[in-house]
Amino acid sequence: MCGIIGYAGNRNAVPVIVDGLKKLEYRGYDSAGIAVFGADGFDVVKQKGRLAALESRLEGSVIAGNVGIGHTRWATHGEPSDVNSHPHVGSKSKIAIVHNGIIENYKRLKERLERKGVRFVSQTDSEVIAQLAEYYYKGDLMDTVIKVSGALEGSYALGIMCLDEPDLLVAVRKDNPLIVGVAEHGNFIASDVPAVLKHTNKVYYLEDGEIAVLTKDGADFLNMDKEPLKKRLETVSWSFDSAEKGGYPHFMLKEIMEQPKVLKDTIHSVMSNGENKSVADGLDISAFDKIVITACGSAYNAGVVAKYVFERLCRVSVEVELASEFRYKDAVIDGKTLVILVSQSGETADTIAAMREAKSKGAVTLSIVNVIGSTIAKEADYCLLTSAGPEIAVATTKAFSAQLVLLYVLAARFAVKLGKLPPESFAELMSEFETLPDKAKEIFEHIDLIQKHASECVVCKSIFFIGRNIDYAIALEGSLKLKEISYIHSEAYAGGELKHGTISLIEEDTLVVAISNCKRLYGKIMSNVEQVISRGAKVLLIGCCPEAEPSSYDGKLSYIGLPEITELFSPSLSVIVLQLFSYYVAANKGLDIDKPRNLAKSVTVE
Ligand code: F6R
């Protein structure tokens, strides 16, 4: 987590960096800071709290310079405070750094430096980088960066400035993302592309062990032997507008509303000739005797939905594993296992580790990723890219929907290859699939109703989500979305599981959200609805259930109807209602929806 940015150019770096930090705040918002070269050395301003607090501090300040670095923090080592904020400057005031990652051997390095008389001021692991760089510096910043990189254990993306070489901005990475953006007025380093989109869509993706050396005139790349590297300048297709709120009060709402288009674009990416289609077509599923899907958070929930779809269509058994568990469990996999990694950012530490573990055991890896050039996109044997565009809100919405789409198509294509789905049925399924974007749009007609139900939930202490089969899978996502942005406790249960314990939590007026799209299980989920209503619960039923009769439940049952679609694709519609529901609950509570407390979007630490 944490976002870093740096600029070397013709403009004043201060507003350029602050503006870029706004696009990185999703990576952490415990504190923010900036450093530029001033007339008498580094000018550093850092402030606990949101970026807005730093902006207020900078208002009226006269600091300015053409080279600078900035940081937005998700605290790991040391509480959120001014002193623990980045940039960190060494005690000789010679080197300033911003860091994203974790330095695992910082204690050892710190003790070594302290024995040599270096005085530390913060509790962070990151300060050791600035102090060590000053200790090693003998007049050549590149030599210093190489030496520091050799000494650090853990993960890092670093932006480094040195007082004696004021025109340079140096960057290096290991296991954390870093891009270099090239604009007419100057050059950038950043943790992610949206931070530079206002200025350029031309970027280099820095790899582990590569050093970028930026001046206002250009960017050079070196390896750890100081040999020059030739890197490919890439053009990013994301537009500047796609990383702006565009009139919506929150990115999350904008991203929810973008879903019909995202579904359309992602369907197109895998149905028409192109990279995604050739990857999906090219995989020989008969070469595998096992499929494992591994991911974290919502991406894991997409995997749970996919398990139902794969097993139904392909008749192969699929395991879904949390990446944080998979990486340490000594999984029973080999060259005949296909491991599917799902990740919006492509940088989630646990998912990266799961991928590397799978590869080390000879499994074939396929990633489903939103961010081009990310570690998982690059390192997996095969990659399918979701066409969600930049997702800024911490709670994922549109990227989740795009992941589902690619997983559906993959399952359907595999089923055809395995002879489990006749080509005519595949064609039928795909034509239904292509109706998804329009049906997703229809859901927005119910926004007032969703908003009304959400406004009644502001006082809830706990909300339960139930469903059966694929509806249970999407209930998991509904529950996660609600708790992360509204701070209301919530759990998702398979309908049949309620009576094995959870039903004891149901009290007068407890809200249960029941999802029902599996026609063959409608009677079963309605029995669960009856069971909770008879114990005092109120139920919000979401699904395609024309037979639902809310009037016969004495005001205890409300219903939000969904357009009809095959059960297998129904999670894509249910989830939009669930996302909007969570959004409006949080909005009614007046919460900071795009930046929920304690969270960050790209979880690059364990
Ligand atoms: C929830 C959410 C997280 C992510 C998880 C994985 O709304 O956004 O649970 O899904 O941190 O992140 P990625 O997909 O980037 O690997």
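Everything quoted here is computed from the prediction, not taken from an experiment. (Residues numbered from 1 in each chain as written. Predicted model: local features only at pLDDT ≥ 70, side-chain atom pairs only at ≥ 80, totals over all residues. Heavy atoms only, no water.)

**Q** What is the right way to read the overall build of the protein chain from this model?
**A** Helices and strands together make up the secondary structure of the protein chain, namely 19 helices and 24 strands. In summary, the protein chain has a C-alpha radius of gyration of 25 Å against a globular reference of 25 Å for 606 residues, a match within 12%. The buried share of the protein chain, reckoned over its 606 residues, is 62%. Sequence separation of 24 or more characterises 73% of the internal contacts of the protein chain that already satisfy a separation of 6 or more. Carbon and sulfur atoms provide 49% of the accessible area of the protein chain, an area that totals close to 22700 Å². Distance from the positive charge centre (67 side chains) to the negative charge centre (79 side chains) of the protein chain: 2 Å. (Helix = DSSP H or I, 4+ residues; strand = E, 2+ residues; numbered from the N terminus. Rg over C-alpha atoms; globule rule 2.2 N^0.38 Å. Buried < 20%, exposed > 50% of the residue type's maximum accessible area, 1.4 Å probe, protein only. Contact = heavy atoms within 4.5 Å. Areas by Shrake-Rupley, 256 points an atom, 1.4 Å probe, with all protein chains shown as cover. Lys, Arg positive; Asp, Glu negative; His and termini not counted. Charge placed at Lys NZ, Arg CZ, Asp CG, Glu CD.)

**Q** Would you mind showing me how to read the packing of helix α9 (residues 297-314) against helix α17 (residues 470-486) here?
**A** How two helices pack is summed up by the angle between their axes together with the distance between the axes. Two numbers describe how α9 lies on α17: the axes approach to 8 Å, and their chain directions differ by 170°. The angle between the axes of α9 and α17 places the two elements in the roughly antiparallel class. For the pair α9 and α17, contact is made by Gly297, Ser298, Asn301, Val304, Val305, Tyr308 and Val309 and by Ile470, Tyr472, Ala473, Ile474, Leu476, Glu477, Leu480 and Lys481, respectively. Classifying every residue of the contact of α9 with α17 by side-chain character gives ten nonpolar, three polar and two charged. (Axes fitted to C-alpha atoms, helices over the stretch in contact; angles between N-to-C directions. Parallel < 35°, antiparallel > 145°, perpendicular 65-115°, else oblique. Nonpolar A, V, L, I, M, F, W, Y, C, P; charged D, E, K, R; others polar.)

**Q** Please clarify how the domain arrangement of the protein chain should be interpreted in this entry.
**A** Reports often express the size of an interface as the amount of accessible area lost when the parts come together. Segmentation of the protein chain into domains returns domain 1 (3-243), domain 2 (251-434) and domain 3 (445-588). Domain 1 puts 14 residues into the contact, and the matching count from domain 2 is 14 residues. Where domain 1 abuts domain 2, roughly 1300 Å² becomes buried across the two surfaces, and 56% of that area is made up of carbon and sulfur atoms. When the buried area of domain 1 at its contact with domain 2 is split by residue, Tyr26, Tyr205 and Trp238 rank highest and sum to 38% of it. Per-class residue counts for the side of domain 1 that touches domain 2 are eight nonpolar, one polar and five charged. (Domains from an automatic or database assignment. Buried area = accessible area lost by both parts, 1.4 Å probe.)

**Q** Would you explain the pattern of salt bridges in this entry?
**A** Oppositely charged side chains can form a pair if their charged atoms are brought close together. Tallied over the entire structure, the rule returns 37 salt bridges. With a shortest N-O distance of 2.6 Å, Lys261 and Asp265 are connected by a salt bridge. Pair noted here: Lys261 and Asp265 are both in helix α7 (residues 259-271), with a separation of four residues, about one helical turn. On the basis of relative accessibility, which here comes to 55%, the residue Lys261 falls in the exposed class. (Salt bridge = Lys/Arg side-chain N within 4 Å of Asp/Glu carboxyl O.)

**Q** Looking at this model, I keep getting lost on the environment of Leu51. Mind explaining?
**A** Take Leu51: it is sitting in helix α2 (residues 51-58). Looking at Leu51, the relative accessible area reads 3%, which means it is buried. Here the alpha-carbon distance between Leu51 and Leu421, two residues 370 residues apart in the chain, equals 53 Å. Once residues lying within four places of it in the same chain are set aside, the contact partners of Leu51 are Val18, Leu21, Lys22, Glu25 and Ala32.

**Q** In this structure, what is going on with the site of the ligand? I would like to understand it.
**A** Not every one of the 14 residues close to the ligand is listed here, only the nearest: Ser343, Gln344, Ser345, Thr348 and Glu484. Thr348 places a polar side-chain atom, nitrogen or oxygen, 2.4 Å from an oxygen atom of the ligand. Out of a free accessible area of 410 Å², the ligand has 91% covered by protein chains. Of all elements in the fold, only α9 and α17 reach the threshold of two or more residues within the shell around the ligand. It is α9 that contributes the most residues to the shell around the ligand, three residues altogether. Its residues assigned to classes, the shell around the ligand comprises five nonpolar, seven polar and two charged. (Near = heavy atom within 4 Å. Polar contact = N/O pair within 3.5 Å; in protein donor to acceptor, adjacent residues only side chain to side chain.)

**Q** Is there a simple way to explain the sheet that holds strand β7 (residues 154-162) in this structure?
**A** Each strand in a sheet pairs with another by means of backbone hydrogen bonds, the pair being arranged parallel or else antiparallel. Strands sit in the order β5-β6-β7-β8-β12-β13 across an open sheet of six strands; the sheet is antiparallel. Only two strands of the sheet have a single partner each, and these edge strands are β5 (88-89) and β13 (218-222). With four bridges connecting them, β7 and strand β8 (residues 169-174) associate as antiparallel partners. Bridging from a neighbouring strand, Leu158 pairs with Val172 of β8. Across the sheet, helix α5 (residues 141-151) lies against β6 (95-103), β7, β8, β12 (211-215) and β13, angled at about 20° from β8, the strand it touches most. (Pairing = 2+ DSSP bridges.)

**Q** Please clarify how the packing of aromatic side chains should be interpreted in this entry.
**A** Each aromatic ring pair is characterised by the separation of its centres together with the angle its planes make. Tallying each qualifying case throughout the model produces ten aromatic pairs. Here Tyr408 and Phe569 contribute two aromatic rings whose centre-to-centre distance is 4.9 Å and whose plane-to-plane angle is 40°, an arrangement assigned as tilted. Of this pair, Tyr408 sits in helix α13 (residues 398-417) while Phe569 sits in the loop between β24 (557-561) and α19 (571-588), and the two are 161 residues apart along the sequence. The burial state of Tyr408 is the same as that of Phe569; both residues are buried. Arranged with centres 5.3 Å apart and planes meeting at 50°, the rings of Phe433 and Phe569 form a pair that is tilted. One end of the pair, Phe433, is in helix α14 (residues 423-433); the other, Phe569, is in the loop between β24 and α19, and 136 residues separate them in sequence. For Phe433, a relative accessible area of 0% corresponds to the buried category. According to the relative accessible area criterion, Phe569 is buried, its value standing at 1%. Joined through ring pairs, the aromatic side chains of Tyr408, Phe433 and Phe569 make up one cluster. Taking the ring centre of Tyr487 as reference, the NZ or CZ of Arg597 above it sits at 3.9 Å. (Phe/Tyr/Trp six-rings, centres within 6.5 Å; stacked < 30°, edge-to-face > 60°. Lys NZ or Arg CZ within 6 Å of the ring centre and 35° of its normal.)

**Q** What should I look at first to understand the layout of surface pockets in this one?
**A** Over the atoms, a rolling probe the size of a water molecule traces out where space has been left empty. Approximately 530 Å³ is the volume found for the largest pocket. Lining the largest pocket are 27 residues; nearest its centre among them are Cys296, Gly297, Ser298, Lys601 and Val603. Contributions of two or more residues to the lining of the largest pocket are made by α9, β17 (337-343), α11 (349-360) and α17. Of the residues belonging to the lining of the largest pocket, the class tally is twelve nonpolar, ten polar and five charged. The two domains that each donate at least three residues to the lining of the largest pocket are domain 2 (251-434) and domain 3 (445-588). As a volume, the second largest pocket reaches approximately 440 Å³. Lining the second largest pocket are 22 residues, with Trp238, Ser387, Ala388, Gly389 and Pro390 sitting closest to its centre. Among the residues making up the lining of the second largest pocket, the classes are represented as ten nonpolar, eight polar and four charged. (1 Å grid on protein atoms, 1.4 Å probe; cavity = no way out; pocket = protein on both sides within 12 Å on 5 of 7 lines; lining within 4 Å. Points joined across faces, edges and corners; volume = space filled by probe spheres on them.)

**Q** So what exactly am I meant to see when it comes to the nonpolar core here?
**A** Soluble globular proteins tend to bury their nonpolar side chains together. Counting 131 residues, the largest nonpolar core has Phe310, Leu313, Ile340, Ile463 and Phe581 as the members making the most contacts within it. By residue number, the principal contributor to this core is α13, which donates twelve residues. In this view, Ile463 contacts Cys457, Leu482, Ile488, His489, Ser490, Glu491, Leu511, Val513 and Phe581; residues no more than four positions away in its chain are not counted. Counting residues in hydrophobic clusters, the runner-up holds 32 residues, among them Leu113, Phe120, Ala130 and Leu141. (Core = buried A, V, L, I, M, F, W, Y, C linked by side-chain atoms within 4.5 Å.)

**Q** I would appreciate a short explanation of the sheet that holds strand β21 (residues 489-494) in the present structure.
**A** Read across the open sheet, the five strands follow the order β21-β20-β22-β23-β24; overall the sheet is parallel. Only two strands of the sheet have a single neighbouring strand rather than two, namely β21 and β24. Taking each pair of neighbouring strands and ignoring which way they run, the sheet shows an average axis angle of 20°. Helix α16 (residues 447-455) contacts β23 (538-543) and β24 of the sheet and is inclined by roughly 150° relative to β24.

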